[in-house]
Amino acid sequence: MGDADGFDEFYAACRPRLVRALTVACGGDVEAAADATDEALVRALERWKRVRAMPSAEAWVFAVGRNHLRRRFRRRSTERRLLQAHRVLDAEASSAGVAEAMELWAAVAELPTRDREVVAYRYVLGLTEAEVAGALGVATGTVSAALSRARTRLRSQLAEEVAR
Amino acid sequence: MSEDPRHGDGPGGDVVGSDDDALAARIRAAAELIEPPTGAPVPVLRRRAQRRVRRRRGLAAAGSVAVVLAVAASATLLVGPNHGRVSVAEPVAVADRALGRSPGVAGEWTWRDMEALKSRTGKASGYGIREGAGDDLLVYLDESGVCLDGDSCRASADGFGANDLRRRFVARNGGPAAPLIGPGAPFAGWDVAVVPGITGDLHSGRQSGVDVPGGPAGQRFVGSENLDLVLAWLAEERPNTQRVVLAGSGSGGLATLLATPQVERVAGERLVGVIANGGAVPGSGQIVPSCVVRHWSLLWGVGYPDDWGDHVPDPSTKRLADLYPYLADRFPNVAFAQLSGTDDPTMRALFRTGTDQCDQQPAPVTSAGFGAGVASLDRRLANLKGWEFFLVDETTSAPLAPSDGAAAVPGFLKWAQTLVEP
């Protein structure tokens, strides 16, 4: 089957990044993030002409996936589950890299939901602050403040880890 | 590492320091270590999408249900300890009871028993559904009074079942929601979900085993959790819902404002409108004493959202009246309507109730004081994007009254039509 509408290319380029971003946004359940990504991609396909014409189709799919996850994670304890290395991280990665990533994700999982989402948009999807603001429907200053707050908390928590 | 230029820290407020650069780089590197599971291949996704589109078109051709989510409860912008996180309990088995049609209304009404949905005294309840003719849903939060002290608790409802739905809504063309969902009303063809008000907490509570000072003991203020349950069911059974409007009358009007973030977390971008038929919060510290809000917080386990300060003009203060700018800034794509009488006896009573917990008794809310407060609110909302304020010179708790309908409030029908049009 050809790719006349460009969806196959979008899928190949964006799906891994979307799964990673949603994994971060939801606090660590990569399987749920993958399900949400696929669900969001199906919804994108239902209205692909409109979605592909958007400034950032990837941001739209992420937002749909995020909403899907919010409906799925109905228990706080589930949502705040820490990332599980054996389920999440690349087995080929170095043990030091895995340890460092685990430490980071544990800190990210402690962030408020909105801050985690902003971190995912900005640093995993790679949107600019203005694009994140557009995707969330908030002012750019709000995104800047959330990022600043998230970075401060992360630095603090990571410093505590090092001190232990 | 990605060389995507979007990762760069460039102009436009994205410039950060070297420590921040290092942290951002660490996040990106750690993200690369997340191994995405193999997903469904594109052809499978395409087939799923095609099936859904066909199904939706088939349903539309058959005149299928539009879901009108009419939240008829009293919801507050205040949120519980789980604020910001979805905390919907798993839906439990429900039993449907068909209730027939309202006179003059095409849709079938059904009552759904839900064992897990409890009143403040622990009685099992459920919610009502009216099937419409499309994929749009009105959630109606029914009012019930509030439980803040002995007198108010005695006066507030603590149970609702199929017979109540039949009597209050089905037999009366939508009852208190008739101006919105009855024959000829703006949302007449939408699906409607009626969430009963049975917890006396403006649908906002998340606290059980509460002894009310001067009132009953062991109360379950779980209105927000009940709403989560209903929303979870609606999301499961109506995945094709296109648009959602949240509405409520009387104290339910205030409830809708408070429940907006909760409904948006489930409906997402499909939430297009919020209609508060009554329940206005005048912006005066005298009319809405902070001690009343503190009392709500203590009894019902609610508080201001974490991101309150990001969306109100003065982050250093917490005033309930700032829910208007909060909602406008937080949900810029949602159209909000606040309706109010110049004298609202329900709201005047609500803002007095519970003040026995304050060190200093606030001044009674007089009719004149309330009128001045909503006049001030009228001026304030005139300059607030996203809000429309409909003020009628009457003593009423719900300007859209079933007897007069929406036409009695000048301009409202025209505003509502903008939500209904495709």
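Structural notes, computed from the coordinates. (Residues numbered from 1 in each chain as written. Chains lettered and ligands numbered in written order. Predicted model: local features only at pLDDT ≥ 70, side-chain atom pairs only at ≥ 80, totals over all residues.)

1. Notes on the overall build of chain B
Thought 1: Counting its regular elements, chain B contains 13 helices and 12 strands.
Thought 2: Looking at chain B residue by residue over its 422 residues, the buried ones come to 53%.
Thought 3: Taking the intrachain contacts of chain B between residues at least 6 apart in sequence as the baseline, contacts between residues at least 24 apart amount to 77%. (Helix = DSSP H or I, 4+ residues; strand = E, 2+ residues; numbered from the N terminus. Buried ≥ 20, exposed ≤ 12 C-beta atoms within 10 Å, placed from the backbone. Contact = placed C-beta atoms within 7 Å.)

2. Re the environment of Val51(A)
Residues and elements named next belong to chain A.
Thought 1: Considering the arrangement of structural elements, one finds valine 51 in helix α3 (residues 48–52).
Thought 2: For the pair valine 51 and valine 61, spaced 10 residues apart in sequence, the C-alpha separation works out to 8.5 Å.
Thought 3: When neighbours within four sequence positions are excluded, valine 51 is seen to be in contact with Ala44, Ala57 and Trp60.

3. Observations concerning the packing of helix α1 (residues 7–26) of chain A against helix α2 (residues 30–46) of chain A
All names here are of chain A.
Thought 1: Orientation of α1 relative to α2, taken along the N-to-C sense of each, is 140 degrees, at an axis distance of 8 Å. On the basis of their axis angle, the class for α1 and α2 is oblique. Crossing of α1 over α2 shows right-handed handedness. The residues of α2 that touch α1, namely those facing Phe7, Tyr11, Arg15, Leu18, Val19, Leu22, Thr23 and Cys26, are Val30, Ala32, Ala33, Ala34, Ala36, Thr37, Leu41 and Leu45. (Axes fitted to C-alpha atoms, helices over the stretch in contact; angles between N-to-C directions. Parallel < 35°, antiparallel > 145°, perpendicular 65-115°, else oblique. Left-handed = near helix turned anticlockwise from the far one by under 90°.)

4. Structural notes on unusual backbone geometry
All names here are of chain B.
Thought 1: For asparagine 173, which is not glycine, the phi dihedral falls at a positive 55 degrees.
Thought 2: Along the chain, asparagine 173 falls in the loop between α4 (162–168) and α5 (178–181).
Thought 3: For asparagine 173, a count of 21 C-beta atoms within 10 Å translates into the label buried.
Thought 4: Look at histidine 203: it is not a glycine, yet its phi comes out positive at around 55 degrees.
Thought 5: By the element assignment, histidine 203 lies in the loop between β6 (191–195) and β7 (207–210).

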